[in-house]
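Architecture at a glance
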Amino acid sequence: MNSRLHVVYTDSASLELIRPILAELPQPPKNARITFKPNLVVAKPSSSGATTDPTLVACIVQYLQEAGYRDIRIAEGSWVGERNTNHAYRICGYEEISRKYNVPLIDLKRDKARKVEVDGLEIEVCEEILTTDFLINMPVLKAHCQTRITCALKNLKGCIPDREKRRFHTLGLHRPIAALGSTIKSGWVIVDGIIGDLTFEEGGTPIRMDKIIIGTDPVLVDAYAIQLMGYELQDVPYVTMAAHLGAGSADLSKAEIIEHGQKDTEYIPQQPANRIAERYNSLIDQRQACSSCYASLIYALWRYEQLHGRLPAGVSLAIGQGFKGKDTGYSVAPTANARQTYGIGSCTARVCSHYVRGCPPSAKEVLTQLEDWLK
Ligand code: SF4
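Nothing here was measured: the structure is a model prediction, and the numbers come from that model.

1. Quick word on helix α9 (residues 218–228)
By the criterion of burial, α9 is predominantly enclosed, with 11 of the 11 residues buried. Turning to α9, its buried residues number three or more, namely Pro-218, Val-219, Leu-220, Val-221, Asp-222, Ala-223, Tyr-224, Ala-225, Ile-226, Gln-227 and Leu-228. You can read the cap of α9 off the contacts: a side-chain oxygen lies 2.8 Å from the backbone nitrogen of Val-219, and it is on Asp-217. Following α9 by one or two positions, Gly-230 has its phi on the positive side, about 90°.

Next comes the structure, spelled out in structure tokens:
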């Protein structure tokens, strides 16, 4: 595990960008049995914001097969509301990957499980996960109604039997998720942040971020995801708990974060429409905003509304490359009743006297700045 994170700005059409990054990571041992663990919590396509994009999984399978690895499989156990995971494999496009690359799909709901003890807790974990040589943890970057976010550590909850998933809820989720994260070792963590979900892990409020996060430390990945979604580390207790159990480091100040790719994939409203994001449109003057920047603003407004019970009043928010290089005389269309226009991202530096620095800023940076301006 190292403290390096790669953040790749890309959509699913340009995934070849990640191949040189994969080559830099510690490679699986020769002849290793490699298991992919995507997030297929429900049987909905990745465009819903709920599940891991199959083209991202296919890209990595292809990379590994070209590197000579032969024993590769995909394993997942959908949420307890599904009788089996095959439904999700079909709807989410994984049967095609299985056929094309000759990779078996394993339903962890049907797998045997074994008890492991960690931090005074006995946890049942599926045999496939305990016996694999190299796990590739592929979560989706999205919100969760109980734990606030779900990313690398919580994705591992799909590696336990349904009865254990139910028991995790009786244990308050955070402690068992942390314990599970310290038991299951992820070789690579590759986060699908192409389309995630603003509010729930089951999808339905998709938000396009065009971002893939690659690392080897699931705790560090989650610490990075937390601030991308506008939260503080203490808002998601299982991440620090997992760090204390030795699962990784939550200290982003010691991390090396390397950005790759073009940030300028323009924001495109999602299908199905994200009604929450649409509600925010009346505040926003958006001109060719990059999707990752726009997603940060939407996450920040969502958090602001949760914290204050209302949206920011009397403001208009300018965002996008359309403001880049313009001067202060350039007109920013004030939205109805706006007294002040604030800029989001460094593109607005010359247009707005007050703007959030960063390219793109994280949701946490946008939220912190908005709260400071509006107090
Ligand atoms: S600051 Fe401008 S270029 Fe940078 S991510 Fe935002 S919109 Fe894109």
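Alright, that's what it looks like, and here's the rest.
2. Examining helix α7 (residues 162–170)
Inspection of α7 places Asp-162, Glu-164, Lys-165 and Phe-168 among the buried residues, and these make up the whole buried set. Down the axis of α7, the sector holding all buried residues measures 160°, keeping them to one side. Along α7, the residues that are exposed and aim more than 90 degrees away from the buried face are Arg-163 and Thr-170. At the C-terminal side of α7, Gly-172 shows a positive phi close to 85°.

3. Considering the pattern of salt bridges
Overall, the coordinates contain 25 salt bridges when judged by the stated rule. With a shortest N-O distance of 3.3 Å, Lys-364 and Glu-232 are connected by a salt bridge. Here the residue Lys-364 occupies a position in helix α13 (residues 363–373), and Glu-232 occupies one in the loop between α9 and α10 (237–244), the gap between them amounting to 132 residues. Using a relative accessible area of 29% as the deciding quantity, one classes Lys-364 as partly exposed. Owing to a relative accessible area of 31%, Glu-232 belongs among the partly exposed residues under this scheme.

4. Some words on the nonpolar core
Looking at soluble globular proteins, one finds that nonpolar side chains tend to be buried together. Counting 82 residues, the largest nonpolar core has Ile-123, Leu-141, Ile-149, Ile-284 and Leu-301 as the members making the most contacts within it. In terms of residue count, helix α12 (residues 291–308) provides more of this core than any other element does, 10 residues in total. Formed jointly, this core draws a minimum of three residues from each of two domains, domain 1 (4–261) and domain 2 (275–373). Counting residues in each nonpolar core, the second largest holds 38 residues, with Ile-21, Ala-32, Phe-36 and Trp-188 among its members.

5. Focus on the packing of α12 against α13
Orientation of α12 relative to α13, taken along the N-to-C sense of each, is 50°, at an axis distance of 8 Å. Taken as axis vectors, α12 and α13 run oblique relative to one another. Note on packing geometry: the crossing formed by α12 with α13 is right-handed. Contact with α12, carried on its side by Ser-296, Leu-297, Tyr-299, Ala-300, Leu-301, Arg-303, Tyr-304, Leu-307 and His-308, involves Ala-363, Val-366, Leu-367, Leu-370 and Glu-371 of α13 and no other residues of that element. Partitioned by chemical class, the residues of the contact of α12 with α13 number 10 nonpolar, two polar and two charged.

6. Section: the sheet that holds strand β15 (residues 340–344)
Ordered in space as β13-β14-β15-β16, the four strands form an open sheet in which the pairing is parallel. In this open sheet, the two strands that pair with only one neighbour each are β13 (284–286) and β16 (355–356). Where β13 lies against strand β14 (residues 315–319), three bridges are found, and the strand directions are parallel. From the neighbouring strand, Ile-284 faces β14, where its bridge partner is Leu-317.

7. Observations regarding the domain arrangement of the protein chain
Annotation of the protein chain at the domain level lists domain 1 (4–261) and domain 2 (275–373). Of note, the centres of domain 1 and domain 2, computed from C-alpha atoms alone, are 31 Å apart. Across the boundary between the two partners, domain 1 contributes 20 residues, which contact 14 residues of domain 2. Of the roughly 1,500 Å² buried between domain 1 and domain 2, counting both surfaces, carbon and sulfur atoms make up 60%. Contact with domain 2 buries area across many residues of domain 1, yet Leu-198, Gly-230 and Tyr-231 alone supply 31% of it, more than any other trio. Between domain 1 and domain 2 we count two salt bridges in total.

Cut-offs used in this document
- Residues numbered from 1 in each chain as written.
- Predicted model: local features only at pLDDT ≥ 70, side-chain atom pairs only at ≥ 80, totals over all residues.
- Heavy atoms only, no water.
- Buried < 20%, exposed > 50% of the residue type's maximum accessible area, 1.4 Å probe, protein only.
- Helix = DSSP H or I, 4+ residues; strand = E, 2+ residues; numbered from the N terminus.
- Polar contact = N/O pair within 3.5 Å; in protein donor to acceptor, adjacent residues only side chain to side chain.
- Arc of directions from axis to C-beta.
- Salt bridge = Lys/Arg side-chain N within 4 Å of Asp/Glu carboxyl O.
- Core = buried A, V, L, I, M, F, W, Y, C linked by side-chain atoms within 4.5 Å.
- Domains from an automatic or database assignment.
- Axes fitted to C-alpha atoms, helices over the stretch in contact; angles between N-to-C directions.
- Parallel < 35°, antiparallel > 145°, perpendicular 65-115°, else oblique.
- Left-handed = near helix turned anticlockwise from the far one by under 90°.
- Contact = heavy atoms within 4.5 Å.
- Nonpolar A, V, L, I, M, F, W, Y, C, P; charged D, E, K, R; others polar.
- Pairing = 2+ DSSP bridges.
- Buried area = accessible area lost by both parts, 1.4 Å probe.

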